[in-house]
Amino acid sequence: MKVSINANRCESSPMRMFHPLAVAAKEAGKTIYHLNIGQPDLPTPRQFFDAIANFRPDALPYAPSPGIPLLIDTIRDYYKTKLGVELDSNDVLITTGGSEALLMVCLSILDPYTEIIVPEPYYPNYTTFVHIAGGNIRALPTCPEEGYQFAFRDRIEALITPNTRAIMFTNPGNPTGVTLTDEQMHMLAQVAKEHDLYLISDEVYREFVYGEEGRVPTMGKFMDEIADNLIITDSVSKQFSTCGARVGCVVTKNKKLQQALLKFCQSRLAVATMDQVGAAALYSVDESFYEANRAEYVRRRDLVYDRLKAIPGVLVTKPQGAFYIMAALPVDDTRKFQNWLLTSFDDNGDTVMFAPGGPFYETPGKGINEVRIAYVLCLEDLSRAMDLLEKGIARYRKEVMGVD
Ligand SMILES: *Cc1c(COP(=O)(O)O)cnc(C)c1O
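A. Layout of the site of the ligand. What surrounds the ligand is a group of 14 residues, the closest being Gly 98, Ser 99, Tyr 205, Ser 235 and Lys 238. The separation between an oxygen atom of the ligand and a polar side-chain atom of Ser 237 is 2.7 Å. Its free accessible area being 380 Å², the ligand has 95% of it covered by the protein chains. The class makeup of the residues in the shell around the ligand is 4 nonpolar, 7 polar and 3 charged.

This is the structure we're talking about:
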């Protein structure tokens, strides 16, 4: 029997590819500092658990397919008060995380052999969502020398063909942390409008922007100009440290698209009722919650950035958002280096993991000497992890590459 062509075109997660070696290293008694998994460690607001504990129906019902009205209205209120975006109830469809939002969007707008322009490096699950829908990713190249900036009109327009359906990006970026300015977002809106393309803005890191007092970037700002083009995907996972809640949404004012998305929503009946009840309570956190989280991530970003910057041969730009830093290391191949760190290296019994850069690229051979570092550890552990990375690079260069 066969598995499908579409299944074969999807990749396994690069964040987990060293899992077996990590298990073996732990069994051998090593302590591993994980910079490889992008899951927030800061506490989930208690409101989430309280709301679920207080929800005691006689029988637990299916939620409506587009989502429970309370959650939809709560999200509309957040968009209005925090982002200045007015939404009707139909403009918000609740999904099982941002992941299902992206999958349903791809299923709704792509046909076999159509294309979607995505700046690379990008979140690797995009490959799966696009390929399941039969489409292809056209990579918009960036480079570490330019700090992975991608908002260049000429470079984007050069990739547009009659098969192009959309431009998709994460803002702030995973894995790069690149955060768009309002001018850059406006340019992207203009390109989408002029070329009749969808613009998919994955905004799951919207609340994590540093050094710009409370700036919360959103393409929603340009909703009126590009109401038919714009699709925002969103999630509570990163925003509220609730990855296990599995609640996200698609926001769009495009009526035809809403109807298409609704069919997919109906086919899977509903998102978990309890998770939606908890999620609705999350939005009641006050501004101090976001401020405290941002302050902690800024300290972490600065530590990782300063430490990377001090290692000879490392190429890194200070990112303005999300909780990732992408950097080029002075090693031949970061997959080989990661393998070596797990099998042949330790410092007092400790070693470190990161996500190798290659799988974040569509173009073969790119990102070979790059890594993505997720700074979701406390400062003390991050500092130790950076010691290990620095020592590891020095020893690997000497012992494996034969250079100093
Ligand atoms: C984490 C993440 C998501 C979605 O995660 P969910 O838990 O499914 O909401 C979407 N896009 C990017 C870029 C992410 O990093």
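B. How the structure looks around the packing of aromatic side chains. For the structure shown, the criterion picks out 22 aromatic pairs. With 5.6 Å between their ring centres and 70° between their planes, Phe 289 and Tyr 290 make a pair best called edge-to-face. Both residues of the pair, Phe 289 and Tyr 290, belong to the buried class. A centroid spacing of 5.7 Å and a plane angle of 25° characterise the contact between Phe 337 and Phe 354, whose relative ring orientation is stacked. Of this pair, Phe 337 sits in helix α12 (residues 334-343) while Phe 354 sits in the loop between β11 (350-353) and β12 (355-356), and the two are 17 residues apart along the sequence. Here Phe 337 matches Phe 354 in class, with each residue buried. Taken together, the aromatic side chains of Tyr 78, Tyr 79, Phe 240, Tyr 283, Phe 289 and Tyr 290 make up a single cluster linked through ring pairs. One residue, Arg 155, lies across the ring of Phe 152, its end atom 4.0 Å from the ring centre.

C. The arrangement of the packing of helix α5 (residues 97-109) against helix α6 (residues 125-132) in detail. With their axes 8 Å apart at the nearest point, α5 and α6 run at an angle of 35° to one another. As for how α5 packs across α6, the hand of that crossing is right-handed. Facing Ser 99, Leu 102, Leu 103, Cys 106 and Leu 107 of α5, the residues of α6 in contact are Tyr 126, Phe 129, Val 130 and Ile 132. Along the lines of polarity and charge, the residues of the contact of α5 with α6 split into 8 nonpolar, 1 polar and no charged.

D. The sheet that holds strand β9 (residues 315-316), seen in detail. Pairing is antiparallel in the open sheet, where 4 strands are placed in the order β9-β10-β13-β12. Here the strands that pair on one side only, and so sit at the sheet edges, are β9 and β12. As paired strands, β9 and strand β10 (residues 324-328) are joined by 2 bridges and run antiparallel to one another. Across the sheet, residue Val 316 finds its bridge partner in β10, namely Ala 327.

E. Focus on the nonpolar core. If you look at the biggest cluster of nonpolar residues, it comprises 60 residues, and the most contacted ones within it are Leu 71, Tyr 79, Ile 94, Leu 199 and Met 219. Other than its neighbours up to four places away in sequence, Tyr 79 contacts Gly 84, Val 85, Leu 87, Arg 206, Ile 232, Asp 234 and Val 251. Val 204, Tyr 205, Ile 311 and Phe 354 belong to the second-largest nonpolar core, a separate cluster that totals 40 residues.

F. Representation of the pairing of strand β2 (residues 92-95) within the structure. The two faces of β2 match: Val 92 and Ile 94 on one face and Leu 93 and Thr 95 on the other face are all buried. Relative to strand β8 (residues 248-251), β2 is paired through 4 bridges, and the arrangement is antiparallel. Paired with Leu 93 across the strands is Val 250, a residue of β8.

G. Representation of the environment of Ala 374 in the model. The residue Ala 374 is located in strand β13 (residues 370-374) in this model. For Ala 374, a relative accessible area of 0% translates into the label buried. In the structure, Ala 374 is positioned 337 residues away from Ile 37 in sequence and 6.4 Å away in space, judged by C-alpha atoms. Non-local contacts of Ala 374, meaning those with residues more than four positions away in its chain, are made with Leu 35, Ile 37, Gly 38, Phe 323 and Tyr 324.

Each value, and the rule that gives it
- Residues numbered from 1 in each chain as written.
- Predicted model: local features only at pLDDT ≥ 70, side-chain atom pairs only at ≥ 80, totals over all residues.
- Heavy atoms only, no water.
- Near = heavy atom within 4 Å.
- Polar contact = N/O pair within 3.5 Å; in protein donor to acceptor, adjacent residues only side chain to side chain.
- Areas by Shrake-Rupley, 256 points an atom, 1.4 Å probe, with all protein chains shown as cover.
- Nonpolar A, V, L, I, M, F, W, Y, C, P; charged D, E, K, R; others polar.
- Phe/Tyr/Trp six-rings, centres within 6.5 Å; stacked < 30°, edge-to-face > 60°.
- Buried < 20%, exposed > 50% of the residue type's maximum accessible area, 1.4 Å probe, protein only.
- Helix = DSSP H or I, 4+ residues; strand = E, 2+ residues; numbered from the N terminus.
- Lys NZ or Arg CZ within 6 Å of the ring centre and 35° of its normal.
- Axes fitted to C-alpha atoms, helices over the stretch in contact; angles between N-to-C directions.
- Left-handed = near helix turned anticlockwise from the far one by under 90°.
- Contact = heavy atoms within 4.5 Å.
- Pairing = 2+ DSSP bridges.
- Core = buried A, V, L, I, M, F, W, Y, C linked by side-chain atoms within 4.5 Å.

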